[in-house]
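# Survey of secondary and tertiary structure
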Amino acid sequence: MTSEPEQQLGVGTPDAFQRLWTPHRMAYIQGENKPSGPGADDGCPFCSIPAKSDEDGLIVRRGEHVYAVLNLYPYNGGHLMVVPYRHVADYTELNAVETAELAELTKQAMTALRTASGAHGFNIGMNQGTVAGAGIAAHLHQHVVPRWGGDTNFLPVIGHTKVLPQLLGDTRKMLAEAWPA
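Residues numbered from 1 in each chain as written. Predicted model: local features only at pLDDT ≥ 70, side-chain atom pairs only at ≥ 80, totals over all residues. Heavy atoms only, no water.

Under an unreviewed UniProt entry, the name given to the chain is HIT family hydrolase, and the source organism is Streptomyces pactum.

Structure follows, in structure tokens:
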């Protein structure tokens, strides 16, 4: 059984393009769940996630001072963030113990991603401040983005659309099971 793409009638002249609608992205575009201010009590999702179950919060690993969580709006499947529990905005505000654990969980994330998905490489980094591209600048978080040869094609480059092959809950479970002891 084949199905034809749904046509939206009554708007403009029909053309040869099919549309890949991603209405769930509006939450990100409109800033849903972004903190309303710089304080921990200003709606910071990184402060509220640890109170949830691992499954509901998409937490892959909990450390003593930092945790690893899947990104709700991933650049690639398996895109994790390593986040301190303490609400700090700048890398220089971390103490030595937090810095060491953030580095160790980042290494463990790379190992888990290689084990679970065969990642060929990684983009790892932090955007410090809104002007540097931080979506949630009030709470420090380090991105760990797995990469594979050929994972960038015309769809994200031309269409600004990413196709992800797995649901976040399934990705969380897979990575949690692959996390090194």
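### Considering the side chain of Glu 98
Along the chain, Glu 98 turns up in helix H4 (residues 96-117). Given a relative accessible area of 4%, Glu 98 falls into the buried group. Not counting chain neighbours up to four residues away, the residues in contact with Glu 98 comprise His 65, Val 66, Arg 86 and Glu 93. (Helix = DSSP H or I, 4+ residues; strand = E, 2+ residues; numbered from the N terminus. Buried < 20%, exposed > 50% of the residue type's maximum accessible area, 1.4 Å probe, protein only. Contact = heavy atoms within 4.5 Å.)

### Description of the sheet that holds strand E1 (residues 59-62)
Spatial strand order, E1-E2-E3-E5-E4: 5 strands in an open sheet with antiparallel pairing. In this open sheet, the two strands that pair with only one neighbour each are E1 and strand E4 (121-125). The sheet shows a mean angle of 20° between the axes of neighbouring strands, direction not considered. Pairing analysis gives 3 bridges linking strand E3 (residues 80-84) to strand E5 (residues 142-147), with the strands arranged antiparallel. (Pairing = 2+ DSSP bridges. Axes fitted to C-alpha atoms, helices over the stretch in contact; angles between N-to-C directions.)

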